[in-house]
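Analysis of the macromolecular model
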Amino acid sequence: MRYVSTRGGGEPQRFSDILLEGLALDGGLYVPEEYPQVSSGELSAMRSMAYPELTFALLSKFMDDIPAGDLRRMVNGTYTKEVFGTDEIVPVKKLEQGLYLLGLSEGPTLAFKDIALQLLGRLFEHTLAQRNEPLNILGATSGDTGSAAEYALRGRKGIRVFMLSPIGRMSEFQRRQMYTLSDPNIFNIAIRGTFDDCQDIVKALNEDAAFKKRYKLGAVNSINWARIAAQIVYYFWACVRVARENGEPDFAVPTGNFGNILAGYIAKRMGLPIRRLILATNENNALEEFFKTGVYRPRKGSEVAATSSPSMDISKASNFERYVFDLVGRDVGRMAKLWSDLKENGYFDVSKAGEFARLAEDGFVAGSSTHADRLATIRAFHEKYGVLIDPHTADGVKVGLEHREKGVPLVCLETARPAKFAATIREAVGQEPPMPESFRKLANMPEHFEVLPPDNEAVGAYIARRIA
Ligand SMILES: *Cc1c(COP(=O)(O)O)cnc(C)c1O
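None of the values given here were measured: they were computed from a predicted structure. (Residues numbered from 1 in each chain as written. Predicted model: local features only at pLDDT ≥ 70, side-chain atom pairs only at ≥ 80, totals over all residues. Heavy atoms only, no water.)

Looking at the overall build of the protein chain
Rule in force here: Put simply, DSSP marks the helices as runs of H or I at least four residues long and the strands as runs of E at least two long, and each gets a number from the N terminus on. Our radius of gyration looks at C-alpha atoms and nothing else; its globule reference is 2.2 Å times the residue count to the power 0.38. In this scheme, a residue with accessible area under 20% of its type's maximum is buried, one over 50% is exposed, and one in between is partly exposed, where area comes from a 1.4 Å probe on protein chains only. Contacts: residue pairs with any heavy atoms within 4.5 Å of one another. Method for areas: the Shrake-Rupley scheme with a 1.4 Å probe, in which residue coverage is limited to the protein chains shown. The positive count covers Lys and Arg only, the negative count covers Asp and Glu only, and His and the chain ends enter neither. Charged groups are reduced to one reference atom each: NZ for lysine, CZ for arginine, CG for aspartic acid, CD for glutamic acid.
A tally of helices and strands in the protein chain yields 21 helices and 15 strands. The globule rule puts the C-alpha radius of gyration for 468 residues at 23 Å, and the 21 Å found for the protein chain is close to it. Across its three principal axes, the protein chain shows a C-alpha extent of roughly 60 × 55 × 50 Å. Burial statistics for the protein chain: of 468 residues in total, 55% are counted as buried. Partitioning the intrachain contacts of the protein chain with sequence separation of at least 6 by distance along the chain shows that 75% fall at a separation of at least 24. Per element, the accessible surface of the protein chain, about 18,900 Å² overall, is 49% carbon and sulfur. Computed over 58 positive and 59 negative side-chain charges, the inter-centroid distance for the protein chain is 2 Å.

Re the pattern of salt bridges
The test is simple: Here a salt bridge means any side-chain nitrogen of Lys or Arg lying within 4 Å of a carboxyl oxygen belonging to Asp or Glu.
The final tally for this structure, using the stated rule, is 36 salt bridges. Its salt-bridge partner being arginine 14, residue aspartate 64 comes within 3.4 Å of it at the nearest N-O pair. Of this pair, aspartate 64 sits in the loop between helix H3 (51-62) and helix H4 (68-78) while arginine 14 sits in the loop between strand S1 (3-5) and helix H1 (15-19), placing them 50 residues apart in sequence. For arginine 14, a relative accessible area of 34% translates into the label partly exposed. Between aspartate 250 and arginine 275 there is a salt bridge; the shortest N-O distance is 3.0 Å. Taken together, the positions of aspartate 250 in strand S9 (residues 250-254) and arginine 275 in the loop between helix H12 (259-269) and strand S10 (277-281) put the pair 25 residues apart, joining distant regions of the chain. Note on aspartate 250: relative accessible area 2%, which makes it buried. On the accessibility criterion, arginine 275 (27% relative accessible area) is partly exposed.

Some thoughts on the packing of aromatic side chains
The line we're drawing: Any two of the Phe, Tyr and Trp rings considered here, Trp counted by its six-membered ring, make a pair once their centres fall within 6.5 Å; the pair's planes then place it as stacked at under 30 degrees, edge-to-face at over 60, or tilted in between.
Evaluated as defined, the whole model comprises 32 aromatic pairs. Summarising the aromatic geometry, the rings of tyrosine 3 and phenylalanine 15 are spaced 6.4 Å apart at their centres and angled 55° between planes, so their arrangement reads as tilted. In this pair, tyrosine 3 sits in strand S1 while phenylalanine 15 sits in helix H1, placing the two residues twelve residues apart along the sequence. With respect to class, tyrosine 3 is no different from phenylalanine 15; both count as buried. Between tyrosine 79 and phenylalanine 84, the aromatic rings sit 5.7 Å apart at their centres with planes inclined by 25°, giving stacked as the arrangement. The exposure class assigned to tyrosine 79 is buried, which follows from its relative accessible area of 3%. The class of phenylalanine 84 is buried, set by a relative accessible area of 1%.

Overview of helix H11 (residues 225-246)
Formally: An expected span of 1.5 Å times one less than the residue number is assigned to each helix. Between N or O atoms, a polar contact is any pair within 3.5 Å; within protein, one atom must be a potential hydrogen donor and the other a potential acceptor, and residues adjacent in sequence are included only when both atoms are from side chains.
The end-to-end C-alpha distance of H11 is 32 Å, a good match for the 32 Å that 22 residues give at a rise of 1.5 Å each. Here H11 lies mainly inside the structure; 18 of its 22 residues are buried. Put simply, asparagine 224 is the residue that caps the front of H11, since its side-chain oxygen is 2.9 Å from the backbone nitrogen of alanine 226. Where H11 ends, the next residue or the one after it, glycine 247, has phi of about 95°, a positive value.

Notes on the UniProt feature "modified residue: N6-(pyridoxal phosphate)lysine" (unreviewed entry) in the protein chain
Rules: UniProt positions are given in the numbering used here, feature names are shortened, and annotations may be inferred rather than shown by experiment.
Under the feature "modified residue: N6-(pyridoxal phosphate)lysine" (unreviewed entry), the UniProt entry names Lys113. Relative to the elements of secondary structure, lysine 113 occurs in helix H6 (residues 113-131). By relative accessible area, lysine 113 is classed as partly exposed at 21%. Dropping the residues within four chain positions of it, lysine 113 is found in contact with Thr145, Ala148 and Arg227.

Observations regarding the environment of proline 249
Along the polypeptide, proline 249 turns up in the loop between H11 and S9. For proline 249, a relative accessible area of 0% translates into the label buried. Along the backbone, proline 249 and aspartate 395 are 146 residues apart, and their C-alpha atoms lie at a distance of 19 Å. Leaving out residues up to four positions away in the same chain, proline 249 has contacts with Cys239, Val242, Ala243, Pro273, Ile274, Arg275, Arg276, Pro409 and Val411.

Topic: unusual backbone geometry
Of note, isoleucine 89 is a non-glycine position whose phi angle comes to about 70°, a positive value. By the element assignment, isoleucine 89 lies in the loop between helix H5 (81-84) and strand S3 (92-96). Taking relative accessible area as the criterion, isoleucine 89 reaches 2% and is therefore assigned buried. Even without glycine at this site, arginine 330 takes up a positive phi of about 60°. For arginine 330, the position within the fold is in the loop between helix H14 (320-327) and helix H15 (332-345). On the basis of relative accessibility, which here comes to 25%, the residue arginine 330 falls in the partly exposed class.

Some remarks on the site of the ligand
Defined as follows: One heavy atom within 4 Å of a molecule or strand is enough for the residue carrying it to be called near that molecule or strand. Residue type decides the class: Asp, Glu, Lys and Arg count as charged, Ala, Val, Leu, Ile, Met, Phe, Trp, Tyr, Cys and Pro as nonpolar, and the leftover types, Gly among them, as polar.
Around the ligand sit 14 residues, and of these Lys113, Gly256, Asn257, Asn260 and Thr415 come closest. Lysine 113 places a side-chain nitrogen or oxygen 2.5 Å from an oxygen atom of the ligand. Between an oxygen atom of the ligand and a main-chain N or O atom of asparagine 260, the distance comes to 2.9 Å. Notes on the ligand: free accessible area 380 Å², of which the protein chains cover 95%. Here the residues of the shell around the ligand are counted per class, giving five nonpolar, eight polar and one charged.

Quick notes on the pairing of strand S7 (residues 186-191)
So the rule is basically this: Pairs of strands are assigned from DSSP output, requiring at least two bridges between the strands. Look down the strands so they point away from you; if going from the first strand over the helix to the second traces a clockwise path, that crossover is right-handed.
Taken across its six residues, S7 has six buried, putting it largely inside the fold. In S7, alternate side chains face the same way, and those of Ile186, Asn188 and Ala190 on one face and Phe187, Ile189 and Ile191 on the other are all buried. As paired strands, strand S6 (residues 159-166) and S7 are joined by six bridges and run parallel to one another. Among the inter-strand pairings, phenylalanine 162 is bridged to a residue of S7, identified as phenylalanine 187. For the crossover from S6 across helix H8 (residues 172-179) to S7, the handedness is right-handed.

Next up, the structure:
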């Protein structure tokens, strides 16, 4: 398996060579040269596989330059009851005939990003050890992605994490989750400023090429290919279970950076019998607009609304380029045209091109959800099924139910636990979401962080001191 850039530059690369990279040198994203195909014989064998076994079967197709024994060991170490709460890892919960919730948020930080990041931590450790190189992850977080990265990389050899967060601007839940970590390779830096200040510092230090090289700075981006690959697995897991009883299912996916739903699309391209991919946005609905009209207009930073499903508040969907590459038949000339339109006009338009028909052929339908929709959906689910869902899951459920068709099973992806978003849950149902035991324990633990001003040099000096 080799990987190529969506902008057509450079030589094809092996998996291990792109694992630690962000963008390709030409500014594109890496995608597999072709999608491996899964036969119907393989699909029926998958029904009886445990989650780690299924993961190995699928990922060995994408990560074929990692020795099989090593990959198996990393996968088996990641997807355990100890880390994800049950032997199923990703429970398929039946609500009624033909309606399912797929439990993606049973990991240590109670959100779906754990599924890929927990494995990514081991893959990074393995590759760095082989190269005999260290890596220092520098990131900024407004709360959620930072904790998922820290829980994935804590205790990993050869890796340090420097995570900037805005002091006093995270929820208590988020703060405790991050700051109570005491692993010596985790450095929480509380910045006296905003999330934007944190991001600016990360950007400035990365742009200082000498500093970046000397201190071996890296990142865990949402565009990392290994994350997408690990997410493909749960579509197979759910689909082979649901389809046996009910036929080809639709999947409803709460969408921000297009990483989760992209994995579903790739699973479908590999031969998994998914009927439709129902894309749900919140008020920040650039992707809904694209799938309905063929016009893609990413929002300016100032146009992004702060919503009650904050992990989907994005201006530009970072993984979307991977899908567009397929949409245009992998024509790099056409890609260049669309991206130059985007740069010059702030949008591109495929509504008049043959490409537009392909959106439906690929199974996509789209819709969006507002704060009021979210509250109503959380309330309705609680009343009807006695199940509490989080605001992101509610966005997916709302749009999923709008598109539900008789006789077609609908699988709604549950992307976070309600405990993470207690204020919205209270507003919806007038009661507290249950606190998981793992979080209650954090209340009495000491918090570890360094407070610094929003100043590039202060942060740079802190990092230099910890690495030296
Ligand atoms: C990241 C995230 C999403 C959005 O997923 P994308 O891959 O960015 O589309 C949805 N819900 C939750 C809870 C998330 O953390």
